[in-house]
Amino acid sequence: MGQRQNIQADPFSTHKLLAHPDRLHQWKAEGRTAPISVGIDVTNICNHRCPQCNGADFADKTTIGLDSLERIFRQLSEAGVKAVSLGGGGDASCHPHAAEVLRLIHGFGMKVGLFTNGFLMRPDMMEAMVDCCHWVRISLDADGPALYRQTHGMGGKAFERVLDNARQLVDLRHERQSPLTIGTSYLIGSHTISGIYGAAETAYGMGADYIRFRPYFAWNGDLPFAHDDLPKVMRSLDRCKDLETDRFKVSYPDARTVWVGDKTASVNYSRCHVHHFTTQIAASGKMYLCCHTKDREKYMLGDLTKQSFAEIWDSQRRRDVYQDIDYRDCPYPCMMSGHNELLETIDQPSSHSDFL
């Protein structure tokens, strides 16, 4: 037998749910369980102007106060939530107490993940990232200033500042011997295909642990790029793989990427089961099924300014909203599709499931 390879765990694996057998067993037995992770928009303020952002309106400056966040995080911890990710909405770094927010979540014993554009990294924020976060993912979306202006609505100085901040964060991680994972992300659209390889080189050069490519989300039959562009996209992604080392990885979701070229949107599950394991809190304090249903009243589960997290999670309203999902409202391919396919297998196992 040949020597076994040293294989790194994939942070984007659709099998991550298997690490939570207690939650899976409860869901299978009772049709409900406590959420594993929760996403929260602590603010709708953002210092970038990404033209294709599907987050909060730029004019909406709604921000959750620190006292309210402490109450929410306490309730999440008491409910058994294991991890909290900060996204948008706006950029969490724009919260006036951003560093304290990270330390609050960590103090309640939950893991912390942070999506950020990387522009506003004050020293106290960087220290909190290194001390408290499990991972930080910087939205790069460009290989240089020209493309950055198209994707983030910001100029060359902003691009260089993000790169400099990222390098400082990598250095601070090394200095403090922190296990923090630092990644970058890149959205693929017709206007960004040319920058794929250059962005991977940039991420490698700044000392990031990985770059995650994925297509822009699409609704109503729209496509992030043309069918005929798929071979060019795949060639660029394959070329990026040449940059991989033990310390740097290149990742992209196969199904969500290849689907654009296949012209078919197959859904291999009967229900969106993953909503039993995660949820989303908007900067308004309202809870929704997921980040794609934020601010749509029919998918609002409850209001944390008026109810506790436990009251909302155990409510008839949440069960009713789940039963009435209109899947035409969803983007495709959804980032949760892989999780749902796994859950479908658990919910409706094959008659041959005992034969491995």
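This is a predicted model, so every value here is computed, not measured.

Colleague: Please explain the packing of aromatic side chains as it appears in this structure.
Modeller: For any two aromatic rings, the description comes down to two numbers: the centre-to-centre distance and the angle of the planes. Taken as a whole, this structure holds 7 aromatic pairs when the rule is applied. Ring centres of Phe115 and Trp135 lie 4.9 Å apart, and the angle between their planes is 70°; this geometry places the pair in the edge-to-face category. Taken together, the residues span a long stretch of sequence, with Phe115 in strand β3 (residues 111–116) and Trp135 in strand β4 (residues 133–139) at a distance of 20 residues. Judged by relative accessible area, which is 33%, Phe115 ranks as partly exposed. Here Arg212 stacks its cationic end above the ring of Phe12, 4.0 Å away from the centre of that ring. The lysine or arginine in question, Arg247, covers the ring of Tyr204, its NZ or CZ lying 4.2 Å from the ring centre.

Colleague: Got a minute to help me understand the pairing of strand β8 (residues 278–281) in this structure?
Modeller: Here is the key point about a regular strand: its side chains alternate between the two faces of the sheet. Alternating residues of β8 divide into Thr278 and Gln280 and Thr279 and Ile281, and every residue in both groups is buried. By the bridge criterion, 4 bridges tie strand β1 (residues 37–40) to β8 in an arrangement that is parallel. The residue bridging Gly39 from the neighbouring strand is Gln280, located in β8. Alignment of β8 against strand β9 (residues 286–288), held across 2 bridges, turns out to be antiparallel. Across the sheet, residue Ile281 finds its bridge partner in β9, namely Met287. Counting the residues that bridge the hairpin from β8 to β9 gives 4 residues, and of these Gly285 lies at a positive phi of roughly 95°.

Colleague: Explain the sheet that holds β8 to me, please; I cannot follow it from the model alone.
Modeller: The strands making up a sheet associate through backbone hydrogen bonding, with each pair oriented either parallel or antiparallel. With mixed pairing, 10 strands are arranged side by side in an open sheet as β7-β6-β5-β4-β3-β2-β1-β8-β9-β10. Each edge of the open sheet is held by one strand with a lone partner, namely β7 (249–251) and β10 (300–303). For this sheet the average axis-to-axis angle between neighbouring strands, irrespective of direction, equals 20°. Where strand β2 (residues 83–86) meets β3, 4 bridges bridge the pair, whose relative direction is parallel. Residue pairing across strands places Ser85 opposite Gly113, the latter belonging to β3.

Calculation notes
Residues numbered from 1 in each chain as written. Predicted model: local features only at pLDDT ≥ 70, side-chain atom pairs only at ≥ 80, totals over all residues. Heavy atoms only, no water. Phe/Tyr/Trp six-rings, centres within 6.5 Å; stacked < 30°, edge-to-face > 60°. Helix = DSSP H or I, 4+ residues; strand = E, 2+ residues; numbered from the N terminus. Buried < 20%, exposed > 50% of the residue type's maximum accessible area, 1.4 Å probe, protein only. Lys NZ or Arg CZ within 6 Å of the ring centre and 35° of its normal. Pairing = 2+ DSSP bridges. Axes fitted to C-alpha atoms, helices over the stretch in contact; angles between N-to-C directions.

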